[in-house]
Amino acid sequence: MNDDVRNIVLGVIATALSGGFGWFSRTYLWRRALRRKQAFFGLPTGSDCLFVVNRQMGGTDSSLHRNDAFALLEISALIKDCGANVQIVTHDTARQGFGERAEFCVGGPASNTRTVAHLSSMLPGVQVDVGLESGHPDRGSIRIGGERYRWEKGMAEYVLLARLTTDQGARPVFLLSGQTANSNQAAARYLAKNHQRLARKYGGESFCILLKVINSDAYGPDVTELVADVTGPARTPVAAAV
């Protein structure tokens, strides 16, 4: 074998080894990212999860606002990426506990009775003023730890995004409780975009953050900012917080 042939053979071998190592590295990193994503959402491959949809405020019990449907699509993409299966149920038919399978619950307490139950049992420090008459400035406002967050139509909308677990190893509940359907979609989009950062910060622990959707009349659900981590006051019963 002369030098030219030997150099060609060595070049082919080096290219093959380099390509194989690159493929192995990319596959390893992809699988590691997938495992972390599945762990954060509680969605191992082939598992089942629950998606609880609310009703359109002012509509019939079976109606769903367009933005809430978009939130469903945002989250369904995450579920599909994890290789899990989703069962979609309405808020008034979700008669089961939590922890056995992951759950995504969308909508504030005015449109989702499942949200009312989750707030009462796992976020007792959160109060939402849903019983006030139309036109009242505090209607729909969210109160947490002595702070009040008012809905300003078309200008400022608030939404709670929470990951909630009860026991070690239990599958999480993801709660997206907004003042409007637009803010629900904004929370779903925020979760889809920032789940890696949230997983790094909180790991498998429960958390509750408050998001603000800015100037929705102009930007829809696209411009969203993090207001605060409200995990502590949200999990502290109101009587104890006073």
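Residues numbered from 1 in each chain as written. Predicted model: local features only at pLDDT ≥ 70, side-chain atom pairs only at ≥ 80, totals over all residues. Heavy atoms only, no water.

### Quick look at the state of the cysteines
Okay, step 1: Throughout the structure, instances matching the rule amount to 0 disulfides.
Okay, step 2: Unpaired in terms of disulfides, Cys49 finds its nearest cysteine sulfur in Cys82, a separation of 8.8 Å. (Disulfide = S-S within 2.5 Å.)

### Focus on the packing of helix H2 (residues 66-81) against helix H4 (residues 181-202)
Okay, step 1: Where H2 contacts H4, the two axes come as close as 7 Å, and the packing angle between them is 15°. Taken together, the axis directions place H2 and H4 in an arrangement best described as roughly parallel. Seen from above, H2 lies across H4 with left-handed handedness. Seen from H2, the contacting residues are Asn67, Asp68, Phe70, Ala71, Glu74, Ile75 and Leu78; seen from H4, they are Ala181, Asn182, Asn184, Gln185, Ala188, Arg189, Leu191, Ala192 and His195.
Okay, step 2: Residues that form the contact of H2 with H4 fall into these classes: 8 nonpolar, 5 polar and 3 charged. (Axes fitted to C-alpha atoms, helices over the stretch in contact; angles between N-to-C directions. Helix = DSSP H or I, 4+ residues; strand = E, 2+ residues; numbered from the N terminus. Parallel < 35°, antiparallel > 145°, perpendicular 65-115°, else oblique. Left-handed = near helix turned anticlockwise from the far one by under 90°. Contact = heavy atoms within 4.5 Å. Nonpolar A, V, L, I, M, F, W, Y, C, P; charged D, E, K, R; others polar.)

### Brief notes about the pattern of salt bridges
Okay, step 1: For the structure shown, the criterion picks out 6 salt bridges.
Okay, step 2: Between Glu74 and Arg189 there is a salt bridge, with the nearest N and O atoms lying 3.0 Å from each other. Of this pair, Glu74 sits in helix H2 while Arg189 sits in helix H4, placing them 115 residues apart in sequence.
Okay, step 3: Among the residues examined, Arg189 registers a relative accessible area of 29% and is labelled partly exposed.
Okay, step 4: Of the charged contacts, one joins Asp129 and Arg148 as a salt bridge, the two residues approaching to 2.6 Å between their closest N and O atoms. Here Arg148 lies in strand E6 (residues 147-149) and Asp129 lies in the loop between strand E4 (126-128) and strand E5 (142-144), a separation of 19 residues in the sequence.
Okay, step 5: Residues participating in the shared-partner salt-bridge network are Glu74, Arg189 and Asp222. (Salt bridge = Lys/Arg side-chain N within 4 Å of Asp/Glu carboxyl O. Buried < 20%, exposed > 50% of the residue type's maximum accessible area, 1.4 Å probe, protein only.)

### Quick notes on the pairing of strand E7 (residues 156-164)
Okay, step 1: Counting buried residues along E7, 9 of its 9 residues qualify, which places the element largely inside the surrounding structure.
Okay, step 2: Two elements, E7 and strand E9 (residues 207-214), share 8 bridges in a ladder whose sense is antiparallel. Pairing of Tyr158 across the sheet is with Lys212, part of E9.
Okay, step 3: Alignment of E7 against strand E8 (residues 173-178), held across 6 bridges, turns out to be antiparallel. Within E8, the position partnered with Arg163 by the bridge is Phe174. (Pairing = 2+ DSSP bridges.)

### With respect to the packing of aromatic side chains
Okay, step 1: What the rule picks out here adds up to 8 aromatic pairs.
Okay, step 2: Taking 5.2 Å as the distance between ring centres and 45° as the angle between the ring planes, the aromatic pair formed by Phe41 and Phe174 counts as tilted. A residue pair is termed long-range when its members are at least 10 positions apart, and Phe41 in helix H1 (residues 3-41) and Phe174 in strand E8 qualify at 133 residues.
Okay, step 3: Chaining the aromatic ring pairs together yields one cluster made of Phe40, Phe41, Phe104, Phe174, Tyr202 and Phe207. (Phe/Tyr/Trp six-rings, centres within 6.5 Å; stacked < 30°, edge-to-face > 60°.)

### Focus: the sheet that holds strand E1 (residues 48-53)
Okay, step 1: Across the sheet, 7 strands lie side by side as E2-E1-E3-E8-E7-E9-E10; this open sheet has mixed pairing. Edge strands, defined here as strands with exactly one partner in the open sheet, are strand E2 (85-90) and strand E10 (224-229). Geometrically, the sheet is characterised by an average inter-axis angle of 20° between neighbouring strands, direction not taken into account.

Note that all results are geometric; they support no functional claim without further evidence.
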